[in-house]
Amino acid sequence: MDVSHLLLTSVLFLLPFIAQVSAQQPGCSVSNNKPSIEENNPPGYNVTTINLEAGFTAMIDPSSPDSSYFTIQGAQLQLVKSVDYENDAVLIVFVACQDTSGQKDTLEIIVTIINLNDNTPVFKQTNLTITVPEDTKVNATIIAREDLSASDADLDIIYYELNSAVQDTTNYFAIKGINNPEIYLQKQLDYDKLKSTTLILYARDRPVSSNEITHTATATINIIIEQADTKPPWFLPCSFIDKDKSICISSPYSGRVNISKMSTEPLTLDPGPIYAKDPDYTINEKIVYSIVGGNVDNTFSVDADTGNLTMNKIVTSPDSYLLQVMAAQVNNKQKYSIVSVEIKVINKSDHAPHFESSPFTGIVSVGAAPKSLVFQVEDPSSPLMIKAEDDDFPDKFNPNIEYYIKNSTDFVATRDGLILTNVNLLSPETVIMEAVAKDTVSLQEASTIIVVEIVFTAGRLDKITSDKLYTAQDMGILGGILAALLLITLIFLGLMIYKHYGKTVKFLINKKFSKDFSESYENQAYNQDEHPDLSAKEQKSSENGGITELQQPSFFLSSSKEEIDGLPKTSTPSTVVFNLEEKEEEENEEEEVKEDTKHEKEVKSILKTDRNEGDQGYKAVWFKTDVDPDAGEKVEVIKDNASDYDDDSDQDLQENEEEEDDKDDHHRGPGAAKVVINMSHTATENSIMV
């Protein structure tokens, strides 16, 4: 077998040379003994030209391997039938040349067939259906490569593309590569979002961007998502917290029990009985219930199958119970949820709420805006208000009652029982609805019927709609605004009063404070109005007069230690000169201030450290060292040694005061002024009496 193979190889190798030698023989030749032609050419297609000398004829040698494909027409070698590259890639034909003398030569022509892109890729299966579990892992293979690969008779490279026929499902599945049609899971499946989809797989023999003729095949892949047990139970009712609706959060349950009373029936809970379901509803695994926390003294129990909560014993304490109830799947305890159940202990309610009258009738106009009041039919100027009574209360008013409309969304009830519109009312009609009064503590309810007529605005409703009715909230806002305006007004008035009468008020306050001071001074010359029987003569003698004896006070010296230390130790007390006539005028001014506070008077201090003889109303107190030697009889120097105060006892001070009072009384007339200034060597015991 090896020898034959070697021989065949040698023959094939020598054939071109033999053909060339033959072609070069005189009388019979071809222009190209190895032509190349495309496949699928029609019959009669010229393959090559045969050159014949005179006297020679050419014919197809019947012994040629592919003689059936060729014919000779004149000097042209032509195809008899179309050639398909996929069947015949090379054709060999022998051409015999013979003259009249019987000389015969043979030409071998080898025709190479050029392959054309004339075939479309072919899938093994053009329609597939597969089921994929919901909990399939991402990147897992969904359909293997060998099940999706397409073939091409042209032996071209196949280019694949995957699309989805269902909107928004393209991102879930993908192929491994442009030349690898294996489909894998690209995104986690969710049965609630995607239950099935259809994929279209394209197979092309040229890239998508190619300008050449491209043949395309398609395969349809139907994928059905199978729900898996992936979610724990949900207590109902619950609220979704995301747009995907993959997480649902339940609200706590609440209930009531009467203290010291046993109940054998399942407890009534709000918003409803304890109930949980398997969100994987196609699987719908069985749920069992149990109390896992908060059940003090095993007071309550829950039915494992139904979730009904019942009492095991009476409750003797007013303390509330906060139970933890668990719902778990029977087939997998690790899939569970827990909810809180609050049980409040209340006093027994002997009477449920009830409505005295029923039904209630109201009227409202077409076109009324939302939150508009419904009015009474009997009294269209009064809003319709429902009211339930409770005989457990002395006045039958239960503050725990709330109202709501049960079977209509066009109207709502407020906590106070007012009926309001909830939407725009566009057409006249009669609405019959049920209103419920619920005791939020005992959870007892009462219901009544409300009939509301929606009519066009006319007659009595014109008056209603023209008058603005305010709610309690509106009145509260108005009261707050008025209170703010009142406060601003009071502040403004206070500022105006202070601006115009501030000095007068300060003067009166200071005068009152000086009179009430525990060690105040008193000047009898200022109190002449308290002695109206004084004669003019007495007053005149007072004016000529009164030289007042002083005891030098530490009240005026304690403000500055340097001033006290700087005084001469042997200095005598200061003297005071009063002009009683001017003093009386000042008292009159004070009286005018009291009678009419609109006039302000300047109050001049009687304590000065300098002298102003030009001012007739001038009054001053100064020390001996500052006394003018020419003062004459107008000034009397009261001899007293300031240094003695440091050594005198409280008794000596009192005796000196009495002696000086006697001396003053001797020099003064009945109308003379008296000034006594008590001095102490400590700053905290200062006092002045005028």
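On to a nonpolar patch on the surface, then. Where nonpolar side chains cluster on the molecular surface, the patch consists of Met475, Ile477, Leu478, Ile481, Leu482, Leu485 and Ile488 and spans about 670 Å² of accessible area. Here Met475 shows up in helix α3 (residues 472-516).

Below, the discussion takes up the state of the cysteines. Inspection of every chain in the model, using the stated rule, returns 1 disulfide. There is a disulfide in this structure between Cys238 and Cys248, and the S-S distance comes to 1.9 Å. With the S-S bond torsion at 100 degrees, the cross-link from Cys238 to Cys248 turns out right-handed. Here Cys238, found in strand β19 (residues 238-240), pairs with Cys248, found in strand β20 (residues 248-250); they are 10 residues apart in sequence, far enough to count as distant. A residue is classified by how much of its surface remains accessible, and Cys248, at 9% relative accessible area, is buried.

A few words now on the nonpolar core. Counting residues in hydrophobic clusters, the biggest one holds 26 residues, and the most contacted among them are Phe173, Ile183, Leu201 and Ile221. The set of elements that each furnish at least two residues to this core consists of β10 (127-133), β11 (141-143), β13 (159-164), β14 (173-177), β15 (180-185), β16 (196-204) and β17 (216-226). Ranked by residues supplied to this core, first place goes to β17 with 5 residues. With near-sequence residues (within four places) excluded, Ile221 lies in contact with Leu128, Ile143, Leu148, Ile183, Thr197, Thr198, Leu199 and Leu201. Core analysis: the next-biggest nonpolar cluster, separate from the first, contains 24 residues, Val364, Ile386, Ile405 and Leu425 among them.

This brings us to the environment of Tyr202. Position of Tyr202 relative to the elements: it lies in strand β16. As for Tyr202 and Leu162, which are separated by 40 residues in sequence, their C-alpha atoms are 6.3 Å apart. Discounting chain neighbours no more than four positions away, the residues touching Tyr202 are Phe123, Tyr159, Tyr160, Glu161, Asn163, Thr216, Ala217 and Thr218.

Glancing now at the packing of aromatic side chains. What the rule picks out here adds up to 7 aromatic pairs. Aromatic pair Phe300 and Tyr321: ring centres 5.1 Å apart, planes at 80 degrees, arrangement edge-to-face. Here Phe300, found in strand β25 (residues 300-302), pairs with Tyr321, found in strand β27 (residues 321-329); they are 21 residues apart in sequence, far enough to count as distant. Judged on exposure class, the residue Phe300 and its partner Tyr321 are both buried. Ring geometry for Phe355 versus Phe360: centroids 6.0 Å apart, planes at 75 degrees, classification edge-to-face. Chaining the aromatic ring pairs together yields one cluster made of Phe355, Phe360 and Tyr403.

With that out of the way, let us pick up the pattern of salt bridges. A complete count under the given rule lists 12 salt bridges for this structure. In this structure, Glu161 and Arg204 form a salt bridge, with 2.7 Å as the shortest nitrogen-oxygen distance. Of the two residues, Glu161 sits in strand β13 while Arg204 sits in strand β16, which places them 43 residues apart along the sequence. Residue class for Arg204 comes out buried when judged on its relative accessible area of 16%. The salt bridge involving Asp270 is made with Lys438; its shortest N-O contact spans 3.7 Å. You can see Asp270 sitting in strand β22 (residues 269-270) and its partner Lys438 sitting in strand β36 (residues 429-439), a full 168 residues away along the chain. In the salt-bridge network here, residues are joined through shared partners; they are Asp156, Arg206 and Glu212.

Let's shift gears to the confidence of the model for the chain. Of all residues in the chain, 68% attain a pLDDT of 70 or more, and the chain-wide mean is 77. Low pLDDT, under 50, characterises residues 1-9; the stretch is placed with 0 contacts to residues that sit more than four places away or in other chains. Residue range residues 517-582 is modelled with pLDDT below 50. Its contacts to residues more than four positions away, or to other chains, number 161 contacts.

The next point concerns the side chain of Ser372. Tracing the backbone through its elements, the reader meets Ser372 in the loop between β30 (360-365) and β31 (375-376). Setting aside chain neighbours within four positions, we find Ser372 in contact with Ile419, Leu420 and Thr421.

Right, let's get into the environment of Ile405. Mapped onto the elements, Ile405 comes out in strand β33 (residues 401-405). What makes Ile405 buried here is its relative accessible area of 12%. Taking the C-alpha atoms as reference points, Ile405 and Ile419, separated by 14 residues in sequence, lie 9.0 Å from one another. Beyond its immediate sequence surroundings of up to four residues, Ile405 is in contact with Phe411, Val412, Ala413, Ile419, Met433, Glu434, Ala435 and Ile450.

In terms of burial, strand β21 (residues 253-258) is largely enclosed, as 6 of its 6 residues are buried. The side-chain alternation of β21 yields two buried faces, one formed by Tyr253, Gly255 and Val257 and the other by Ser254, Arg256 and Asn258. Across 6 bridges, the pairing between β21 and strand β28 (residues 336-346) is parallel. Considered in β28, the bridge of Tyr253 is made with Val341. Direction of pairing for β21 relative to β22: antiparallel, over a ladder of 2 bridges.

Pro271 follows Asp270 through a cis peptide bond whose omega is 10 degrees. Examined against the element boundaries, Pro271 turns out to sit in the loop between β22 and β23 (276-277). Cis geometry marks the peptide bond from Ser358 to Pro359, where omega comes out at 0 degrees. Locating Pro359 in the fold gives a position in the loop between β29 (354-355) and β30. Although it is not a glycine, Asn40 adopts a positive phi angle of roughly 70 degrees. One can find Asn40 in the loop between β2 (36-38) and β3 (46-52). For Asn40, a relative accessible area of 36% translates into the label partly exposed.

This brings us to the sheet that holds β21. Pairing is mixed across the open sheet formed by 5 strands, whose spatial order is β22-β21-β28-β27-β24. Because the sheet does not close on itself, it has two edges, and the strands there are β22 and β24 (287-293). When β27 meets β28, the two strands line up antiparallel, connected through 8 bridges. Residue pairing for β28: Tyr321 is matched across the bridge by Ile343.

Conventions used here
Residues numbered from 1 in each chain as written. Predicted model: local features only at pLDDT ≥ 70, side-chain atom pairs only at ≥ 80, totals over all residues. Heavy atoms only, no water. Patch = residues over 30% accessible without salt bridge, like charges linked within 9 Å, V, L, I, M, F, W, Y side chains within 5 Å. Areas by Shrake-Rupley, 256 points an atom, 1.4 Å probe, with all protein chains shown as cover. Salt bridge = Lys/Arg side-chain N within 4 Å of Asp/Glu carboxyl O. Helix = DSSP H or I, 4+ residues; strand = E, 2+ residues; numbered from the N terminus. Disulfide = S-S within 2.5 Å. Buried < 20%, exposed > 50% of the residue type's maximum accessible area, 1.4 Å probe, protein only. Core = buried A, V, L, I, M, F, W, Y, C linked by side-chain atoms within 4.5 Å. Contact = heavy atoms within 4.5 Å. Phe/Tyr/Trp six-rings, centres within 6.5 Å; stacked < 30°, edge-to-face > 60°. pLDDT = per-residue confidence, 0-100. Pairing = 2+ DSSP bridges.

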